[in-house]
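A structural walkthrough
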Amino acid sequence: MLVLPMNRDHGPVSFGPSDRYQYLRARSVPDPARTHVCIAARMTGPPPTRDELELLVADMVARVPALGYRVAGRGRRARFEPAGRLDVSRHVEEIEVPAGRSADRCALDALESPLAPGRPLWGVRLIRGYSEDEFLLTYRAAHLFQDGLAVARAMGAALSGARLPPPAPRPATAPSSPVGLRSCVRFLPHLFGRTARWLPPGTTMTGKRTLHTVTLDRAAFDDITRRTGATAAQIGLAALAGALRAWTPEHWSGTGGRRQRRGLRAYLPISLRHPGDRAALGSSVGIMPLTLPCAEPSPVRRLEDVVRDTGPMTLYRFRELFGRLLRAPGPVAWLVHRVVHHWAPARPGVTVIPADLHDSAPGVAGLIPVSPPVGPSPGGCVFVLERTRVSASFLFDSGVPGTDRLPGLLDAALAELRAAVAAVRPD
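Below is a summary of the structure that appears in this document. If you're wondering where the values come from, they're calculated on a predicted model, not measured in any experiment. (Residues numbered from 1 in each chain as written. Predicted model: local features only at pLDDT ≥ 70, side-chain atom pairs only at ≥ 80, totals over all residues. Heavy atoms only, no water.)

**Comments concerning the pattern of salt bridges**
If you walk through the whole model with that rule in mind, you get 23 salt bridges. One salt bridge in this structure joins Arg 70 and Glu 81, with 3.3 Å as the shortest N-O distance. Residue Arg 70 is found in strand S4 (residues 69-72), and its partner Glu 81 is found in strand S5 (residues 79-82); the two are separated by eleven residues along the sequence. Overall, the relative accessible area of 27% leaves Arg 70 in the partly exposed class. The salt bridge involving Glu 96 is made with Arg 128; its shortest N-O contact spans 3.1 Å. Taken together, the residues Glu 96 in strand S7 (residues 92-96) and Arg 128 in strand S8 (residues 122-128) connect sequence positions 32 residues apart. (Salt bridge = Lys/Arg side-chain N within 4 Å of Asp/Glu carboxyl O. Helix = DSSP H or I, 4+ residues; strand = E, 2+ residues; numbered from the N terminus. Buried < 20%, exposed > 50% of the residue type's maximum accessible area, 1.4 Å probe, protein only.)

Right under this line is the structure:
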């Protein structure tokens, strides 16, 4: 047993608007694991022993002070506060799995592992046995405790040896003005309305989940950026539109009606975190409605459509609007959560997470990101943008057929986009 005394100089941190939303959401979800976020690192070399693993995690806690916090209080008094003493052994698991089990399945199983209330809501699992050449190191956290960006930063610090700053008290947020609330009301309809057909025939909801991943060539992203100026995130979204088009071509060929011609409406989580906030504590996420141009046959035009719809001013506008919405009084926030949770349409969610530390760590063969689908969606995609690679994962209900084809289709769509851009804009 390895017990760490936490720094007494660190004080409590009040919930931000998105933290309150996730707190309400966690109270209404029957299975808390459905709100967990995870990043698994495929590691080469011999796995560490139990003692070595606990020392590794203890070092991680020392360099990421946010991991020494827990959720305390209830209702309006809920907040983050230092946990006092932290028993590292309670946050570490070792699992031996049968040879041949996929790393994706191992990561998904790690996501389902419970997190005990009253302690910091995170855990590390070492998984070995599925391969002779590597082992899996997974880090998971409750979405209330850390959003996808915070999980990526904490895991990146653990692998690279970087150090993150301690959480700082958050300034009080001014209540939204009547003008701001009215603008939010005009924004809310974008979260509703029927979406285009995009799931394969024979889809049924089972409540179980499947995960499929792919590592994409970062050089392809950089080449397209050099020729077009599009960001890596925009390129990933355009490639995803091409992959979904190839996945169910029957939905996008011919006329198909106005809803199909418009494209596939999706949810794009956007960070509301201040650029200077790198403490990796809490959840600070809003949702931006985005239309993936799956009906567009041209890869170059798909990219142009995505760039047009995700420009800096558009992202800024939705961050402002969603920030105002989340600053609404508690009862209003609760009502919005219930409305979105129960009546929002089943659109795919697409999460893009920047990460600049993971691929600088020794022994990391690749990443497996796992993030829960947004709202009632049967599935979604997560991109993790590193400096030398891009990791993508598809988490879907197991009743959706053909999801194992999506990683290959995404890789092919990226290659198709690169070739099309090179033909239109040669060196």
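Further notes follow.
**Quick notes on the pairing of S4**
Put simply, side chains in a regular strand alternate between the two faces of the sheet. In the sheet, S4 pairs with S5 via four bridges, with the strands oriented antiparallel. Residue pairing for S5: Arg 70 is matched across the bridge by Glu 81. Once S4 ends, the chain turns through six residues before running back antiparallel as S5, passing Gly 73 with a positive phi of about 80°. (Pairing = 2+ DSSP bridges.)

**Regarding the sheet that holds strand S14 (residues 364-370)**
Here five strands make up an open sheet; going across it, the order is S7-S8-S9-S3-S14 and the pairing mixed. Every interior strand has two partners, whereas the edge strands, S7 and S14, have only one. Here the average twist between neighbouring strands, direction ignored, is 20°. Here nine bridges tie strand S3 (residues 36-44) to strand S9 (residues 134-142), and the two strands are oriented antiparallel to one another. Within the sheet, the bridge partner assigned to Ala 41 lies in S9 and is Leu 137. Its contacts with the sheet place helix H2 (residues 50-63) against S7, S8 and S9, and it is angled at close to 140° to S7. (Axes fitted to C-alpha atoms, helices over the stretch in contact; angles between N-to-C directions. Contact = heavy atoms within 4.5 Å.)

**Let's talk about unusual backbone geometry**
The backbone of Ala 280 shows a phi angle near 60°, a positive value even though the residue is not glycine. Mapped onto the elements, Ala 280 comes out in the loop between strand S11 (264-271) and strand S12 (285-292). What makes Ala 280 buried here is its relative accessible area of 0%.

**Things to note about helix H6 (residues 218-228)**
Given 3.6 residues per helical turn, the α-helix brings residues three or four places apart onto the same face. Listed in full, the buried residues belonging to H6 are Arg 218, Ala 220, Phe 221, Asp 223, Ile 224 and Arg 227. Those residues of H6 that are buried are in contact with strand S10 (209-217), helix H7 (232-247), helix H9 (299-309), strand S15 (379-385), strand S16 (389-397) and helix H12 (406-424). If you check the start of H6, you find a side-chain oxygen 2.9 Å away from the backbone N of Ala 219, and it comes from Asp 217. One or two positions beyond H6, positive phi appears at Gly 229, with a value near 85°. (Polar contact = N/O pair within 3.5 Å; in protein donor to acceptor, adjacent residues only side chain to side chain.)

**Concerning the packing of H2 against helix H4 (residues 148-160)**
Running from N to C, H2 and H4 point in directions that differ by 120°, and their axes come no closer than 9 Å. As far as their axial angle goes, H4 and H2 are oblique. Read as a crossing pair, H2 and H4 show a hand that is right-handed. Between H2 and H4, the contacting residues are Leu 56, Met 60 and Arg 63 on the first element and Ala 154, Ala 157 and Ala 158 on the second. Looking at the contact of H2 with H4 residue by residue, the class counts come to five nonpolar, no polar and one charged. (Parallel < 35°, antiparallel > 145°, perpendicular 65-115°, else oblique. Left-handed = near helix turned anticlockwise from the far one by under 90°. Nonpolar A, V, L, I, M, F, W, Y, C, P; charged D, E, K, R; others polar.)

**Section: the sheet that holds S4**
Reading across from one edge, S2-S5-S4 is the order of the three strands in this open sheet, with antiparallel pairing throughout. Either end of the sheet is taken by a strand with one partner, and the two such strands are strand S2 (13-14) and S4.

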